[in-house]
Amino acid sequence: MADVVVVGAGPVGMLLAGLLARDGVDVDVLERRPGAGAGSRAIGVHAPVLAALEPSGVTERLLAGAVRVPRGEARSGGRVLGVVRFDRLSTRFPFVATIPQAVTEAVLAVDAPAPLRGAAVTAVDPRGDHVRVRAGVGGRPTEREAPIVVVASGWGGRDLVYRPGAVPVHTYRDRYLMTDAVVGDRDDADVAVVDLDRAGVLESFPMPGGRRRFVAWDRPDAEDSPDARADRLRAALAERGESATIDEASSFGVRRVVAPRLRRGRIFVIGDAAHEVSPIGGQGMNLGLLDAATLAPLLAQWVRTGDAPESGLRRWEDRRLRSARTAAGLASVNTALGRALSRPADAVRRTAVRAMLAPPLGATFARAYAMGFDRDA
């Protein structure tokens, strides 16, 4: 019997498993996917996460392949509305590190045990002094037992812990197009750009290898064929004067979810299984990584002593829930700011953004976008 079973081998689950393993905890990891994710989804790693992971050596490995983004610019009609200066924040890492999620997962897997892949978990049942995990592997049922189980499987694992309807889900009407594309040389190669237009937002983030991540607001009722998506994203870039070759574009919607609890006895829920925030702002994965980084020492203490550190776990749950609510609120503001608007409303938005990013408020918004208001920052 392992000390801890982790359900999910994404970034959050692998970070937790790796930190526990480094502390001498015996960990089993179960993962539904047959292989590591190859797509690039979350790309930004914020200063609080880099600081939390520095003692483990993970930060050094992440930064070795990352682009360091010192500032962001809000633009409209070719003009700069305001600048977010991460490089002026009083923090150990005054930048946002951008790195493809697949690379992040590979870095985090270095310290973690190899996951059992193809394991679709169907139930997590508390049994007094242990928890039983049931899964199907290759069409055959299997079981694992451990004193502690952590569900870090993303939103798809939420029903393993919470009753139907127990976690409120708010689905936004907004949809977005996204692609990663190679771009030519440019003066703002290390600058994150948020271009606000009557037709909706276009975000552009530097990535390693001379690439940039483009995310554009899309009409909810637009045609969803691959060719139509790519055509609309090309048009959005052309309207802003962006030069990039767009071969394809994915489409996604967004939700807001914050679970009422992160713990039920010996069962914990972290990452997207417990909270989802709009990716417009790039804090979702970071919330989960901080969940894992702050939970790991408490679980290691529990395993070493045999006694649950109840006061520490209560404080952990309170901090992480409050942090998730803060991030969800900021993401809601970002989502609203990025929508298509009428000409008068767009003028009001530009005025509001100028005021938000000008001194003295600008420093506060820079801190907010860099997760400086997270309770574990």
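Position labels on residues start from 1 in each chain and follow its written sequence. The model is predicted, so local features are restricted to residues of pLDDT at least 70 and side-chain atom pairs to those at 80 or more, both for listing and for counting; the totals for chains, interfaces and linings are taken over all residues. Side-chain descriptors were evaluated using all non-hydrogen atoms of the structure, hydrogens and water having been removed beforehand.

Participant: Just checking my understanding: could you explain the pairing of strand β17 (residues 250-258) for this structure?
Facilitator: Every other side chain in a regular strand lies on the same face of the sheet, so the side chains alternate between the two faces. Two strands qualify as a pair provided DSSP detects at least 2 bridges between them. Think of it this way: any DSSP run of H or I at least four residues long counts as a helix, any run of E at least two long counts as a strand, and we number them from the N terminus. Pairing analysis gives seven bridges linking strand β13 (residues 169-182) to β17, with the strands arranged antiparallel. Within β17, the residue paired with Y176 across the bridge is F252. Here β17 runs beside strand β20 (residues 275-276); their pairing, made up of two bridges, is antiparallel. Residue pairing in the sheet places V257 in a bridge with E276 of β20.

Participant: Where do I start with the sheet that holds strand β7 (residues 96-98) in this structure?
Facilitator: By definition, the strands of a sheet pair up through backbone hydrogen bonds, in either a parallel or an antiparallel sense. What the three strands build is an open sheet, ordered β3-β7-β4; its pairing is antiparallel. Every other strand in the sheet has two partners, leaving β3 (44-45) and β4 (67-69) as the edge strands with one partner each. By the bridge criterion, two bridges tie β3 to β7 in an arrangement that is antiparallel. Each residue of the ladder has a partner; that of V45, found in β7, is A97.

Participant: Explain the pattern of salt bridges here, please?
Facilitator: A pair can form between side chains of opposite charge whenever their charged atoms are brought close. Counted as salt bridges are all cases of a side-chain nitrogen of Lys or Arg within 4 Å of a carboxyl oxygen of Asp or Glu. Here the structure, examined in full by the defined rule, presents 35 salt bridges. Between D188 and R75 there is a salt bridge, and its shortest N-O distance comes to 2.9 Å. Here R75 lies in strand β5 (residues 71-76) and D188 lies in the loop between β13 and β14 (191-195), a separation of 113 residues in the sequence. Exposure categories follow from relative accessible area, calculated using a 1.4 Å probe and restricted to protein chains: below 20% of the type maximum is buried, above 50% is exposed, and the middle band is partly exposed. Residue D188 is classed as buried on the basis of its relative accessible area of 11%. Here R229 ties to D224 by a salt bridge, and the two come within 3.3 Å at their closest N and O atoms. The partly exposed category is assigned to D224, whose relative accessible area is 47%. Several salt bridges share partner residues, and in doing so they unite R71, E73, R75, R186, D188 and E242 into one network.

Participant: In this structure, what is going on with unusual backbone geometry? I would like to understand it.
Facilitator: Both trends apply: most residues other than glycine have a negative phi, and most peptide bonds are in trans. Residue P359 is joined to P360 through a cis peptide bond whose omega torsion reads 0 degrees. Note on placement: P360 falls in the loop between α8 (343-357) and α9 (361-369). At M371, a position not held by glycine, the phi torsion is positive, near 65 degrees. Take M371: it is sitting in the segment after α9.

Participant: Help me understand the packing of aromatic side chains, please; the structure alone is not making it clear to me.
Facilitator: One pair of aromatic rings is described through two measures. These are the centre distance and the angle between the planes. Only Phe, Tyr and Trp rings are paired, with Trp represented by its six-membered ring, and only when their centres lie within 6.5 Å; those with planes under 30 degrees apart are stacked, over 60 edge-to-face, the remainder tilted. For the coordinates displayed, the defined rule picks out five aromatic pairs. Summarising the aromatic geometry, the rings of Y176 and F252 are spaced 5.5 Å apart at their centres and angled 25 degrees between planes, so their arrangement reads as stacked. One end of the pair, Y176, is in strand β13; the other, F252, is in strand β17, and 76 residues separate them in sequence. Each of the two residues, Y176 as well as F252, counts as buried. Pairwise contacts between aromatic rings join F268, W302 and W316 into one cluster. In our convention, an over-ring charge means Lys NZ or Arg CZ found within 6 Å of a ring centre and within 35 degrees of that ring's normal. For R92, the ring lying beneath its charged end belongs to F93, and the centroid distance is 4.9 Å. Across the ring face of W155, the terminal group of R255 is positioned such that the distance to the ring centre comes to 4.9 Å.

Participant: Is there a simple way to think about the environment of F205 in this case?
Facilitator: With respect to the helices and strands, the residue F205 is situated in strand β15 (residues 202-207). In the structure, F205 is positioned 102 residues away from V103 in sequence and 17 Å away in space, judged by C-alpha atoms. Between two residues, a contact is recorded if the distance between any of their heavy atoms is within 4.5 Å. Residues contacting F205, with those up to four places away along its chain left out, are I43, A192, R211, R212 and R213.

Participant: Quick question: what am I supposed to make of the nonpolar core here?
Facilitator: Nonpolar side chains tend to gather and get buried jointly when the protein is soluble and globular. Ranked by internal contacts, the top residues of the largest apolar core, which has 78 residues, are L20, V150, F268 and I270. Setting aside residues no more than four positions away along its own chain, F268 makes contact with I148, V149, V150, V151, L262, R263, L295, L299, W302, L313 and W316. Joining through side-chain atoms within 4.5 Å is the link that ties buried Ala, Val, Leu, Ile, Met, Phe, Trp, Tyr and Cys residues into a set, and such a set is a nonpolar core. Within the second largest apolar cluster, 27 residues are counted, among which are Y172, M178, M356 and A366.

Participant: Looking at this structure, how should I read helix α1 (residues 11-22)?
Facilitator: Because an α-helix packs 3.6 residues into every turn, residues spaced three or four apart end up facing the same way. Here α1 is twelve residues long and its end C-alpha atoms lie 16 Å apart, about the 16 Å a rise of 1.5 Å per residue gives. Here α1 lies mainly inside the structure; ten of its twelve residues are buried. Expected span of a helix, by definition, is 1.5 Å for each gap between consecutive residues, and there is one gap fewer than residues.

Participant: Looking at this structure, how should I read the sheet that holds strand β12 (residues 148-151)?
Facilitator: The sheet built from six strands is open, its strands ordered β8-β2-β1-β12-β19-β18 with mixed pairing. A single partner strand is all that each edge strand has here, and the edge strands are β8 (116-117) and β18 (263-264). Relative to β12, strand β1 (residues 4-7) runs parallel, the two sharing four bridges. Along β12, the bridge assignment pairs V4 with I148. Running over the sheet, α1 touches β1, β2 (27-31) and β12 and is turned about 165 degrees from β2. Axis lines are fitted to C-alpha atoms, over the contacting stretch for helices. Their N-to-C directions set the angle, which ranges from 0 to 180 degrees.

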